[in-house]
Amino acid sequence: MCNILLFAGTTEGRELAEYLSRCGVRVTACVATEYGQTLIQEKENLSVHSGRLDREQMQTLMQNGFGVTSDLKKSPCIDLVIDATHPYAAVVTENLLEASRTMQIPYYRCLREEGKEEDSLSGYDKLIRVENTEQAVQELDRLQGNVLLTTGSKELSQYCRVKNFSERIYPRVLPLENVVKSCLELGVLPSHLIAMQGPFSEEMNLAMIRQWNICCMVTKESGKAGGFEEKISAAKKAGITILMIGRPKEKEKQHYSMQQLKEVLKQRWGITPTEKNLPKNPYFPMFVSLQGKKVQVFGGGNIAARRISSLVKFGCKIKVISPTLHPVCEELLKQGKIEWVKRCWQSGDCSADIVLAATNHTSVNDRIADECKNSVKKILFNRCDRQDECDFYFPALIESNGLIIGLSSGGADHKKVKNTAAMLRKSLAEQDR
């Protein structure tokens with residue numbers, strides 16, 4: 001059995017842990033905090049370790065596993081290393097890359113795809129770009145007014161050098177005891193400390209800006225999964241300065257998106273979901289009427305747009321609950337084909353016949369899933385990030401002259417489904433000529 005060491009400090013890392021656990025391999029997932037550990041469910045072949053590691057500890061782990069004295073004479077117990085840490089965790093990535101090279105273990109970098117920040121910030125004259133925290137501190141010394149710091153607690157000590165730090169800085173951090181304690185020890189005033197768990201909608205970001213008379217928001221170029229769009233849209237509406245810290249340059253030139261990495265693991269290592277880990281009772285491909293059925297979609301991004309575009313053809317009543325809306329959905333809204341509630345999910349929302357959780361936040365999707373499962377009413381549920389919790393799958397649809405074909409691999413091989421659908425569409429198009 002292949003042994004994989006996965007550093008999983010991001011949404012992508014957690015999804016990879018879940019995916020690899022179904023591939024007949026043994027996975028050790030490493031996260032920095034105890035909170036991160038709670039987000040990954042341990043399984044027979046998936047163990048989770050919390051705590052920060054230096055380069056030497058990483059090498060020992062690759063050689064022996066946890067809880068064993070270093071023995072560099074024996075062969076490494078890890079076959080390959082996957083780095084799915086945050087784009088800004090540059091030190092961790094550097095240490096992990098060097099440790100892998102020292103131990104001569106294959107290293108793969110799974111990097112969050114960059115969002116379209118340039119589009120959302122185009123023409124905004126109150127944007128300041130910097131390369132790192134040091135430059136951010138220098139800019140804040142030049143600027144006036146209160147600052148909403150949305151970069152977490154890890155680099156907070158560096159911001160202590162900002163003039164009038166205690167009076168001006170409002171850091172937003174995780175509501176963990178050790179995090180709150182460290183912030184207070186650095187001199188953050190209790191009245192300035194925002195200890196909250198995201199996600200944060202545009203409305204909530206805007207409310208915080210107005211509540212504390214914020215003049216500048218500090219953010220990282222974290223992409224969609226990091227709530228970047230909601231922060232930027234709120235800052236622009238408030239007309240405040242956006243101080244954006246750019247992504248560190250990756251030393252490892254070769255990196256992969258989630259889907260690319262899955263394909264590489266399949267081609268080079270034969271790692272793919274095993275038969276025994278596929279659903280024991282394959283889903284029956286039953287065609288049902290959705291005429292008049294109520295559908296709630298939480299999330300307004302690309303995945304939501306694709307699924308809404310499929311459902312809207314079949315007569316159901318679709319309500320989208322999301323702070324933002326994809327352009328495709330905006331057009332459907334103008335045509336009166338869907339309803340839009342402009343906000344995030346709230347407890348008690350789930351009441352439709354069918355509920356789709358398609359937000360960018362695993363924790364929110366988890367809570368939507370729990371609400372549907374515990375509902376007195378039987379709600380058919382689907383989520384975009386955990387196929388094992390879905391009551392049904394979305395197939396690839398092929399339509400031609402009244403013919404409807406639905407294709408699904410049960411989530412095991414999206415590329416195969418995509419290629420087969422393309423082949424069928426081409427074949428049917430040729431027949432219809």
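Reference entry: report on the structure contained in this document. All of these numbers come straight from a predicted model, not from anything done at the bench.

### Overview of the pairing of strand S14 (residues 338-341)
Stage number 1. One ladder, built from 4 bridges, connects strand S13 (residues 317-321) with S14; its direction is parallel. From the neighbouring strand, Ile321 faces S14, where its bridge partner is Val341.
Stage number 2. Handedness of the crossover joining S13 and S14 through helix H14 (residues 327-334): right-handed.

### Details of the sheet that holds strand S4 (residues 80-83)
Stage number 1. Spatial strand order, S3-S2-S1-S4-S5: 5 strands in an open sheet with parallel pairing. If you trace the sheet from one side to the other, it starts and ends with strand S3 (46-50) and strand S5 (107-109), each paired once. Strand-to-strand, the axes of this sheet are offset by a mean angle of 20°, without reference to chain direction.
Stage number 2. Pairing geometry for strand S1 (residues 3-7) and strand S2 (residues 26-31), over 5 bridges, is parallel. Bridge pairing links Asn3 to Arg26 in S2.
Stage number 3. Each of S1, S4 and S5 is contacted by helix H4 (residues 90-103), which is oriented at about 155° to S5, the strand it contacts most.

### Topic: the sheet that holds strand S16 (residues 380-383)
Stage number 1. Read from one edge to the other, the open sheet built from 5 strands follows the order S14-S13-S12-S15-S16, with strand pairing classed as parallel. Edge positions in the sheet fall to S14 and S16, since each has one partner strand and no second. Shown here is a sheet whose adjacent strand axes are inclined to one another by a mean of 15°, direction ignored.
Stage number 2. Strands strand S12 (294-298), strand S15 (354-357) and S16 of the sheet are contacted by helix H15 (residues 362-373), whose axis makes an angle of about 170° with S16.

Thresholds applied
- Residues numbered from 1 in each chain as written.
- Predicted model: local features only at pLDDT ≥ 70, side-chain atom pairs only at ≥ 80, totals over all residues.
- Heavy atoms only, no water.
- Pairing = 2+ DSSP bridges.
- Helix = DSSP H or I, 4+ residues; strand = E, 2+ residues; numbered from the N terminus.
- Right-handed = clockwise from strand over helix to strand, strands pointing away.
- Axes fitted to C-alpha atoms, helices over the stretch in contact; angles between N-to-C directions.
- Contact = heavy atoms within 4.5 Å.

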